[in-house]
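Descriptive structure summary
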Amino acid sequence: NCFVLFCMALCFLWNVGNTEGWGLRVAPGISKFGFALRLDQRWNMFAPRVFKDDGWFVMEGINPEKKRIDINRDGAPVDFSKPDNVLNLIKDDRWRKYQENFVTPENLFMQNYYCKFLIKNWNLQNPARLIDTLNLVYMKEFTPPPGQAPEVKKELLCKCWK
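Since this is a predicted model, take the numbers as computed values, not measurements.

Cut-off values and rules
- Residues numbered from 1 in each chain as written.
- Predicted model: local features only at pLDDT ≥ 70, side-chain atom pairs only at ≥ 80, totals over all residues.
- Heavy atoms only, no water.
- Salt bridge = Lys/Arg side-chain N within 4 Å of Asp/Glu carboxyl O.
- Buried < 20%, exposed > 50% of the residue type's maximum accessible area, 1.4 Å probe, protein only.
- Helix = DSSP H or I, 4+ residues; strand = E, 2+ residues; numbered from the N terminus.
- Pairing = 2+ DSSP bridges.
- Patch = residues over 30% accessible without salt bridge, like charges linked within 9 Å, V, L, I, M, F, W, Y side chains within 5 Å.
- Areas by Shrake-Rupley, 256 points an atom, 1.4 Å probe, with all protein chains shown as cover.
- 1 Å grid on protein atoms, 1.4 Å probe; cavity = no way out; pocket = protein on both sides within 12 Å on 5 of 7 lines; lining within 4 Å.
- Points joined across faces, edges and corners; volume = space filled by probe spheres on them.
- Nonpolar A, V, L, I, M, F, W, Y, C, P; charged D, E, K, R; others polar.
- Contact = heavy atoms within 4.5 Å.
- Axes fitted to C-alpha atoms, helices over the stretch in contact; angles between N-to-C directions.
- Parallel < 35°, antiparallel > 145°, perpendicular 65-115°, else oblique.
- Left-handed = near helix turned anticlockwise from the far one by under 90°.

Throughout the structure, instances matching the rule amount to 10 salt bridges. The residue D79 makes a salt bridge to R73 at a minimum N-O spacing of 3.7 Å. One salt-bridge network, held together by shared partners, links D93, R96, K97 and E100.

Right, here's the structure in full:
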């Protein structure tokens, strides 16, 4: 019982210590114990700042005849409006996380590689609908204060060729 109570107190202290303004910290010797048992706590996924923006991708493929299609929507005509369910456009949670990180300034180097990958992958899977150019467009939607309409900003992240 004492051990469980100690672990609970350590988790509580760790949580309070990660909150701004309290000034409490777990002592270095005890924190090693906490890390060993994986009792360390971080809430930066939720606080102190949550994302104020979100968005969706429009992957505008252009074929040799200059016809524009959205390869993210299985070759449908390009449509920049928000889909009913943005998550339906993402294969799985790993790709969601990749795309989330993809738009951050420290990962700009990945954009051209991803763009070329998308062209190659599309052309392999769709030999009758080849594209030679791709515009990776991010429709950034800012979360407004309650009662206001969201603002959407169109950002061309990358343009690449076959």
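Moving on, we come to the pairing of strand β1 (residues 53–62). Where burial is concerned, most of β1 is hidden: 8 out of the 10 residues are buried. Note that β1 and strand β4 (residues 133–142) share 10 bridges and pair antiparallel. Across the sheet, D53 pairs through a bridge with F142, a residue of β4. The pairing of β1 with strand β2 (residues 68–70) spans 3 bridges and is classified as antiparallel. Bridge pairing links I62 to R68 in β2. Where β1 folds back onto β2 in an antiparallel hairpin, the turn is made up of 5 residues, including K66, whose phi is positive at roughly 70°.

As a further point, take a nonpolar patch on the surface. A surface patch of nonpolar side chains, amounting to about 410 Å² of accessible area, comprises F3, V4, M8 and L37. Its place among the elements puts V4 in helix α1 (residues 2–17).

Remark: the empty space left among the atoms is shown by a probe the size of a water molecule rolled over them. Approximately 540 Å³ is the volume attributed to the largest pocket. Surrounding the largest pocket, 23 residues form its lining, D53, D54, G55, E100 and Y138 being those nearest its centre. Considered class by class, the residues forming the lining of the largest pocket number 10 nonpolar, 5 polar and 8 charged. Taken as a whole, the second largest pocket holds about 440 Å³ of empty space. Looking at the second largest pocket, it is lined by 17 residues, and the ones nearest its centre are M59, I71, N72, L118 and N121. Here the element with the most residues in the lining of the second largest pocket is helix α4 (residues 110–125); it accounts for 6 residues. Taken together, the residues that form the lining of the second largest pocket break down as 9 nonpolar, 5 polar and 3 charged.

The 5 strands lie next to each other as β3-β2-β1-β4-β5, forming an open sheet whose pairing is antiparallel. Edge positions in the sheet fall to β3 (76–77) and β5 (151–161), since each has one partner strand and no second. By the bridge criterion, 2 bridges tie β2 to β3 in an arrangement that is antiparallel. Bridge pairing links I69 to P77 in β3. Across the face of the sheet, α4 comes into contact with β1, β2, β4 and β5 while running at roughly 70° to β5.

Attention now goes to the packing of helix α3 (residues 93–102) against α4. Where α3 meets α4, the closest approach of the two axes is 10 Å, and the angle between their N-to-C directions is 135°. The angle between the axes of α3 and α4 places the two elements in the oblique class. Crossing handedness for the pair α3 and α4: left-handed. On the side of α3, the interface is formed by W95, Y98, Q99 and F102, while α4 contributes M110, Q111, Y114 and F117. Here the residues of the contact of α3 with α4 sort into 6 nonpolar, 2 polar and no charged.

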